[in-house]
Amino acid sequence: LSICFRTVEPLEYYRRFLKENCRPDGRELGEFRTTTVNIGKCLCSITTADGSALVKLGNTTVICGVKAELAAPAADSANKGYIVPNVELPSLCAERFRSGPPGEEAQAASQFIADVIENSQMIVKDDLCIASGKLAWVLYCDIICLDYDGNLLDASVFALLAALKNVQLPLVTINEETGLSEVNLKQKNPLIIRKHPVATSFAVFDDTLLIVDPTAEEEDLATGTVTIVTDEEGRLCSVHKPGGSPLTGAKLQDCITRAITRHKEVKKLIDKVIKSITPK
Amino acid sequence: GVMERSREQLLRQTCEAVVLGVLHPRTAISLVLQVLSDAGSLLSCCLNAACVALLDAGLPLAALFCGVTCALQPDGSILLDPTARQEQEARAVLTFAIASSERKVLMANTKGSCSVEEMQQCLAAAQRAADTIFQFYRNSVRRRYSKS
């Protein structure tokens, strides 16, 4: 009977749970789904990428692969490298996505990730420069959703952070005589990650209730979404509220407070995983 | 490109929150924005243009909205409606879409990083500035309909 009610009146079904301050999957309104992360060649199994990570947020599965290539820096920023993020929502992750050119959600997500990298300064482009005006690293960060069950942005930012922490760049020198670059694959250095941004997404229900980490079903029923990205110092790297029901400043503040708590949880998780894969 | 797609998503969802679509079933409302010149605060200009256009079209709206851009300068002061130059030099640029009902936040978009207090200060400044913009809407509409 409850399955019929859920199909016929999904919003009313949801409201019944929200009245009791919980959700159909048993979570509280401020509770995240189980987060797991696999980093590196052994666990994440992208052997061709320079850095990789697989993040599961409940059922939402996102994999990020980082490939580093060499390129000449742009004329107006001769000592800066490039970071090129790309989020893909292939048709295998959810039935709403069709194959073909990237849809609006994928493009908006790619822009969001690019903004997060830029705003948080997690990687300073100057660090990617090898020889000013001649050679710099380009980091292609490909984030692919394998299973879409809501909260894509949180999982993507987390996967990106984990993958970048795993990247080992070989030492590149420019031979003065020939002017060519020489890549030393034996000597690898990790990327300098200055900040650790973590995203926390909320769905707004009926203009007043805020629930954390929405599933795909909750996102469809919600009247708006908010994503807050914070770094370890408690600074806001991004407040992303793409329309949706209006919120007061106080409600936004509640979101930010929850986001700061979430940051600590995620940082602990990432540190634990990195420590477990670092060879002693 | 990707940037335009992202802006379209922001604008579309902001408009969807205020337009009473229930009154127009099986209807597509097409909003086309063409940038003639960009001298800073582009996103809030788009928001204002969109709202006035929706007003002019006579569509039923739950509330009006206006776009306000705040730039956080390196010395910590808040500058509203920055020029392109000021945006570049700023530490952070925050754009808010403020609704006319109780000055709630409809849309928020930030560039650069800032502390939580600074964001709240910018939001308060934007909410105060919204009054000026809504008065401008009123004057424009009054002017338009008093001629004809």
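Residues numbered from 1 in each chain as written. Chains lettered and ligands numbered in written order. Predicted model: local features only at pLDDT ≥ 70, side-chain atom pairs only at ≥ 80, totals over all residues. Heavy atoms only, no water.

As recorded in an unreviewed UniProt entry, chain B goes by EXOS5 protein and comes from Ptilorrhoa leucosticta. The UniProt entry for chain B carries this comment under Sequence similarities (unreviewed entry): "Belongs to the RNase PH family." Under the UniProt heading Subcellular location (unreviewed entry), the note attached to chain B is "Nucleus". (UniProt positions renumbered as here; feature names shortened; annotations may be inferred.)

With an unreviewed UniProt entry as reference, chain A is termed Exosome complex component RRP43, source organism Ptilorrhoa leucosticta. Within the UniProt record for chain A, the comment given under Sequence similarities (unreviewed entry) is "Belongs to the RNase PH family."

(A) Spotlight on the interface of chain A and chain B. Between chain A and chain B, the contact holds 26 residues from the first and 30 residues from the second. Roughly 2500 Å² of surface becomes buried between chain A and chain B when both sides are summed, with 53% attributable to carbon and sulfur atoms. The interface formed by chain A and chain B holds one salt bridge in total. Taken together, chain A and chain B are joined by 11 residue pairs in polar contact (both at pLDDT 80 or more). Those elements that place two or more of their residues in the side of chain A that touches chain B are α4 (104-120), β12 (236-240) and α7 (249-277) of chain A. For the side of chain A that touches chain B, the leading source of residues is α4 of chain A, giving six residues. Looking at side-chain class alone, the side of chain A that touches chain B contains 10 nonpolar, 13 polar and three charged residues. (Contact = heavy atoms within 4.5 Å. Buried area = accessible area lost by both parts, 1.4 Å probe. Salt bridge = Lys/Arg side-chain N within 4 Å of Asp/Glu carboxyl O. Polar contact = N/O pair within 3.5 Å; in protein donor to acceptor, adjacent residues only side chain to side chain. Helix = DSSP H or I, 4+ residues; strand = E, 2+ residues; numbered from the N terminus. Nonpolar A, V, L, I, M, F, W, Y, C, P; charged D, E, K, R; others polar.)

(B) Local environment of the UniProt feature "domain: Exoribonuclease phosphorolytic" (unreviewed entry) in chain B. Residue and element names in this part refer to chain B. Within this structure's numbering, the places UniProt gives as "domain: Exoribonuclease phosphorolytic" (unreviewed entry) are residues 7-60 and 64-128. The distance separating the terminal C-alpha atoms of residues 7-60 is 23 Å; by composition the span is 52% helix and 0% strand. Helix makes up 29% of residues 64-128 and strand 40%, whereas the separation of the span's terminal C-alpha atoms amounts to 15 Å.

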